[in-house]
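Structural overview
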Amino acid sequence: MTARDARTPRPRSRTPRRTVPRSQGPVVAAVALGGGLGAVLRYAISLRWPAQAGGFPWTTFWVNVAGCAVIGVFLVAVTEVWAAHRLVRPFLGTGVLGGFTTFSAYAVDVQQLIDTGHTRTGLACLAATPLAALAAVSLAAAGTRRVLGRRSAARDGAPGAPVREDTRGEEPA
């Protein structure tokens, strides 16, 4: 290092702070509030129907499956059918349903089953839960599209909408 280099102040390298833009504050609050509500609901259900030691964790399984079905219905409704307020999706989808269907409880259940020597039950849970959850969200989304699509098509008089036929074979008046 030369004398000149020692006298020249070096610019500090500052890592820019990542802050949440002010417009995202309400979204973060909606997710947090919804997540808390969903987690409390899930916890209340687990208190009402506790899992049997060493048995299949049916409560966690059905909470995750039911929550995924609701997610399928909800997301089709708010993204394809109705124009929802910008905070509805983060509050209900990410928040409430995300907190309700937490898969961390599923992971803990599997780990506990395996650790206590119930390996087959743990592996059954490990496979069945995500398969059932994916099936639930897919079937619920498809069913919602079908039901809501028929309703809107019938309302709009679109081609392919269900048409009530006259059973007597006569032209309607």
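Our structure is the block above this text.
Predicted, not measured: the structure shown is a model, and the values here were computed from it.

**Points about the packing of aromatic side chains**
Applying the stated rule across the entire model yields six aromatic pairs. Judged by centre distance (4.3 Å) and plane angle (45°), the ring pair of F56 and W58 falls under tilted. Accessibility expressed as a relative area gives 48% for W58, which makes it partly exposed. Taken together, a centroid distance of 5.6 Å and an interplanar angle of 85° make the contact between W58 and F61 edge-to-face. One end of the pair, W58, and the other, F61, are both in helix α3 (residues 58–81), three residues apart, so they sit about a helical turn from each other. Classification of F61 by relative accessible area gives buried; the value is 7%. Grouping aromatic residues by their ring pairs yields a cluster made of F56, W58, F61 and W62.

**Digging into the pattern of salt bridges**
Oppositely charged side chains can pair when the atoms bearing their charge come close. What the rule picks out here adds up to one salt bridge. A salt bridge links E80 to R145, with the nearest nitrogen and oxygen atoms 2.8 Å apart. Pair noted here: E80 is in helix α3 and R145 is in helix α6 (residues 119–156), with a separation of 65 residues, a long-range link.

**Comments concerning helix α4 (residues 88–100)**
Residues of α4 that are buried: P90, G93, G95, V96, L97, G99 and F100. Buried positions along α4 lie against α2 (25–48) and α3.

**Quick word on the environment of A30**
Positionally, A30 belongs in helix α2. Taking the C-alpha atoms as reference points, A30 and L87, 57 residues apart in sequence, are found 6.5 Å from one another. In contact with A30, not counting residues within four places along its chain, are L87, P90 and F91.

**A few points about the packing of α3 against helix α5 (residues 103–115)**
The contact between α3 and α5 brings their axes to 10 Å, and the two run at 150°. It follows that α3 is roughly antiparallel to α5 by the angle criterion. α5 is crossed by α3, and the crossing has left-handed handedness. Here T60, N64 and C68 of α3 come into contact with α5, specifically with F103, A105, Y106 and D109. Among the residues making up the contact of α3 with α5, the classes are represented as four nonpolar, two polar and one charged.

**Topic: the nonpolar core**
Counting 10 residues, the largest nonpolar core consists of F56, F61, V65, C68, Y106, V110, C125, A132, A133 and A136. Taken together, the elements giving at least two residues each to this core come down to α3, α5 and α6. Broken down by element, the residue count for this core peaks at four residues, all from α6.

What counts and how
- Residues numbered from 1 in each chain as written.
- Predicted model: local features only at pLDDT ≥ 70, side-chain atom pairs only at ≥ 80, totals over all residues.
- Heavy atoms only, no water.
- Phe/Tyr/Trp six-rings, centres within 6.5 Å; stacked < 30°, edge-to-face > 60°.
- Buried < 20%, exposed > 50% of the residue type's maximum accessible area, 1.4 Å probe, protein only.
- Helix = DSSP H or I, 4+ residues; strand = E, 2+ residues; numbered from the N terminus.
- Salt bridge = Lys/Arg side-chain N within 4 Å of Asp/Glu carboxyl O.
- Contact = heavy atoms within 4.5 Å.
- Axes fitted to C-alpha atoms, helices over the stretch in contact; angles between N-to-C directions.
- Parallel < 35°, antiparallel > 145°, perpendicular 65-115°, else oblique.
- Left-handed = near helix turned anticlockwise from the far one by under 90°.
- Nonpolar A, V, L, I, M, F, W, Y, C, P; charged D, E, K, R; others polar.
- Core = buried A, V, L, I, M, F, W, Y, C linked by side-chain atoms within 4.5 Å.

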